[in-house]
Structures are given as structure tokens and as C-alpha cells.
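Single-letter residue listing:
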Amino acid sequence: TGMATFVGALASGFFLQVVVSGQSIRPSSLSFADLTDGQRFQSGRVDEVLAKALGEHGIVALRDIPRFSELRKAMLRDAHSCIAVAPHAQSLALEDGSVRRQLAATSVSAVGLQPVDHGSDSKACSAFQLSSNAFREAVGGAVDVFSKRLSEVLAAGEAIKLPKSDGVGSYNSLEDIVKHGDR
């Protein structure tokens, strides 16, 4: 759930402020460029900033992901149009009488991005599929970089082996889990 929380916070696209026990925290943030440049990550002490941020609050914001804002806007615009005509969109009636409609998708490392199951051949849903894929690839790339760098930080401490759900073997790092699991 930790990675899902990270991705959810990443996909929200606005600065995150967390309220815990009545106290407000403002998590540390790292730039995408600081994480992608290996030399800057280690020599610029970004690795220490990452470890400290996660140690203090358990959360870190990733900023300046290339094209994130434009891809997010296009995907949300196209999602709205597709959901309006998609027969597979799920509806949820809320207590206040409003209705929330939604679509879902997954990415599996072995087969890549799975198409959004909207059930429509409409122009709106075709546009949404394209913009959704572009956005999901950008977010997936950010998750890959983040998990790689966090694995490096964690590897600096005591080795951790996490058993696989099938009971055969184990994952050697957070990066290994992210690369071989569902998203």
C-alpha cells in the first residue's frame, strides 16, 4: 500500500499537505532530475534527503516530472468525455445524491500497460486511451526511478529479503518488487 499511496499522491498533481493527529506536515520534495542523475543523487546528498524525509514523515513529494502537468490535464479531460459514454464505467451513488463514475486499469510488468476497460469504440474513449497511456507511462517511469533510488538508500543499511507471495524465492529490493509486481 505504500507504493500505491506514493502513486496516488503523485497522480494527484498538486502539492500534498498531510494532516496527522491535528498536526499539519509539509513533506520534503525532490526533483525528478535529482533522482535520475546518479552522480547528483549521491554527491548532492539527495540520498540523505530522501532517507531523512521518509524517516521523519514517511512520505516524500516528487516534483518536476517531465510533461506531467500537460499529460495529467489531457488525461483528465479525456477521461471525463469517455466516462460519460463508457458502458463499463462503474457508478457509485453518494449520500448527498451525487453519483461518481469511474474506470480502472492496471499495469503488469510482464505484459505492460493494460488497456482501460471502458467498453466503447467512441472517439472520446479512443482519445482517453491514448492520453491515459501517455500519463501512465510518465507516472510509471517516475515510480521506477523512485523505487530504484529508494532501493539504493535501503541497501545502505541491513539487507532485507521479502518473500514472494507464491512462497518461492524472495525479492531482493524494493526496485525488484516494483518491477515484478502489479501497478
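Everything quoted here is computed from the prediction, not taken from an experiment.

## A short note on helix α4 (residues 46-56)
Link 1 in the chain: Looking only at α4, the buried set comprises Val46, Leu50 and Ala53. In a view along the axis of α4, the buried residues occupy a sector of 70°, so they form one face of it. Projecting away from the buried face of α4 at angles above 90 degrees are the exposed residues Lys52 and Gly55.
Link 2 in the chain: Along its buried surface, α4 packs onto β3 (29-31), α2 (32-36), α3 (38-43) and α6 (123-155).
Link 3 in the chain: The positive-phi residue at the C-terminal boundary of α4 is glycine 58, with phi of around 80°.

## What to know about the nonpolar core
Link 1 in the chain: Within the largest apolar cluster, 31 residues are counted, with the highest numbers of intra-cluster contacts made by Leu35 and Leu50.
Link 2 in the chain: Secondary-structure elements contributing two or more residues to this core are α2, α4, α5 (68-85) and α6.
Link 3 in the chain: Counting residues per element, this core draws most heavily on α6, at eleven residues.
Link 4 in the chain: Apart from the residues lying within four places of it in its own chain, the contact partners of leucine 35 are Leu30, Phe41, Val46, Leu62, Val145, Phe146 and Arg149.

Reading guide: rules and limits
- Residues numbered from 1 in each chain as written.
- Predicted model: local features only at pLDDT ≥ 70, side-chain atom pairs only at ≥ 80, totals over all residues.
- Heavy atoms only, no water.
- Buried < 20%, exposed > 50% of the residue type's maximum accessible area, 1.4 Å probe, protein only.
- Helix = DSSP H or I, 4+ residues; strand = E, 2+ residues; numbered from the N terminus.
- Arc of directions from axis to C-beta.
- Contact = heavy atoms within 4.5 Å.
- Core = buried A, V, L, I, M, F, W, Y, C linked by side-chain atoms within 4.5 Å.

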